[in-house]
Amino acid sequence: KAEVRLEAFRMQQRLLKEKAAREERQASQQSTQQPKNPAVREGWVKIKRSGAVGGWDERFLRVHAQGLSMYLDDSGTGQCLNVIGLEHVERVARVSSGTLMEVIHSAGVLLLDCEKLADRERWVQAMEQTLGRFRTTYVAQPPQKRRAMQEIQKSEWDVAVEEKTRQELQ
C-alpha cells in the first residue's frame, strides 16, 4: 500500500509541475503577442501617395507614445511600412476640405483622409494630445532631465503615457 501511495504522490507532483510549466508558457506567449508599443488610436485611413503617380493607399495607422506607424494589415504586427517619430512631427492640421488632415514633419507632409468628419476629429485630437504629452515629458525638459528620462524603462513609460492619454480621450 505504501508503494502505491508513493507512486500516486509522485504522479500528482509531476502533473502539477506540467500544469505550472504549461501555464508559464501560455503567459509568455500572451506577453509576446501583445504589442510592445500599445496604441492610443489605431484604424484604417487613406494616405496620399507621394511622387508623380499620386493617388491614395489605404493603410492601417497606429498612434502611439513615440510616433505614428503605418501597416498593410490591421494586426499591427506585420510589416511596418513607415514610422514617423514624434520628435520629427511639427504639427497636425485639419485641411479645410472635408475629412482631410495633414501631419507636418521634418521629411515633408503626410496627407490623410478619414471616412467621416468625426473620425478626422478623433484622429487629430489623439495625435495632438500624444504630441503635446511627448513634448511636455521629453522635448521641453532640460538636457539633464532628458538624460534621466532616457534611463526610465521605455515600456513602463509608454504604458503610463498611453493609458493617461486614453483616459483623457474618453
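The structure this text deals with has already been given above.
Residues numbered from 1 in each chain as written. Predicted model: local features only at pLDDT ≥ 70, side-chain atom pairs only at ≥ 80, totals over all residues. Heavy atoms only, no water.

Draft legend 1. Looking closely at the overall build of the protein chain. The number of helices and strands found in the protein chain is four helices and seven strands. Of the contacts formed within the protein chain by residues at least 6 apart in sequence, a portion of 43% connects residues at least 24 apart. Element-wise, carbon and sulfur atoms account for 50% of the exposed surface of the protein chain, whose accessible area totals about 11400 Å². (Helix = DSSP H or I, 4+ residues; strand = E, 2+ residues; numbered from the N terminus. Contact = heavy atoms within 4.5 Å. Areas by Shrake-Rupley, 256 points an atom, 1.4 Å probe, with all protein chains shown as cover.)

Draft legend 2. The arrangement of the environment of His64 in detail. Checked against the element boundaries, His64 lands in strand 2 (residues 56-64). Note on His64: relative accessible area 6%, which makes it buried. On a C-alpha basis, the gap between His64 and Val40 in space is 5.3 Å, while along the polypeptide they are 24 residues apart. Among the polar contacts listed, one links the side chain of His64 to the side chain of Ser69, at a separation of 2.7 Å. (Buried < 20%, exposed > 50% of the residue type's maximum accessible area, 1.4 Å probe, protein only. Polar contact = N/O pair within 3.5 Å; in protein donor to acceptor, adjacent residues only side chain to side chain.)

Draft legend 3. Geometry of empty space enclosed by the protein. Enumeration over the complete set of coordinates arrives at one cavity of 30 Å³ or more. Its boundaries defined by the atoms lining it, the largest cavity holds a volume of some 40 Å³. The wall of the largest cavity is formed by Val63, Leu68, Leu86, Val89, Val92, Met127 and Leu131. Mapped by element, the contributors of at least two residues to the lining of the largest cavity are strand 5 (89-94) and helix 2 (117-139). (1 Å grid on protein atoms, 1.4 Å probe; cavity = no way out; pocket = protein on both sides within 12 Å on 5 of 7 lines; lining within 4 Å. Points joined across faces, edges and corners; volume = space filled by probe spheres on them.)

Draft legend 4. Focus on the pattern of salt bridges. Tallying each qualifying case throughout the model produces seven salt bridges. Ionic pairing is found between Arg62 and Glu42, a salt bridge with its closest N-O pair at 2.7 Å. Within this pair, whereas Arg62 is found in strand 2, its partner Glu42 is found in strand 1 (residues 41-48), the two being separated by 20 residues in sequence. Assessed through its relative accessible area of 38%, Glu42 is described here as partly exposed. (Salt bridge = Lys/Arg side-chain N within 4 Å of Asp/Glu carboxyl O.)

Draft legend 5. Fine view of the nonpolar core. Leu61, Leu112, Trp123 and Met127 are the most contacted members of the largest nonpolar core, which has 20 residues in total. The set of elements that each furnish at least two residues to this core consists of strand 1, strand 2, strand 3 (67-71), strand 5, strand 6 (100-105), strand 7 (108-113) and helix 2. Apart from the residues within four sequence positions on either side, Trp123 is in contact with Arg41, Glu42, Gly43, Val45, Leu61, Val63, Met101 and Cys114. (Core = buried A, V, L, I, M, F, W, Y, C linked by side-chain atoms within 4.5 Å.)

Draft legend 6. Seen up close, the side chain of Asp113. Mapped onto the fold, Asp113 is located in strand 7. Despite its burial, Asp113 remains without a salt bridge, the nearest opposite charge being carried by Lys46 at 5.3 Å. One polar contact links Asp113 to Thr99, side chain to side chain, over a distance of 2.4 Å. Apart from residues no more than four positions distant in its own chain, Asp113 is found in contact with Val45, Lys46, Trp56, Thr99 and Leu100. (Lys, Arg positive; Asp, Glu negative; His and termini not counted.)

Draft legend 7. Structural detail: the pairing of strand 7. In this sheet, strand 7 lies alongside strand 1 in antiparallel orientation, the contact comprising two bridges. Across the sheet, Ile47 pairs through a bridge with Leu112, a residue of strand 7. With six bridges connecting them, strand 6 and strand 7 associate as antiparallel partners. Paired with Ile104 across the strands is Val109, a residue of strand 7. (Pairing = 2+ DSSP bridges.)

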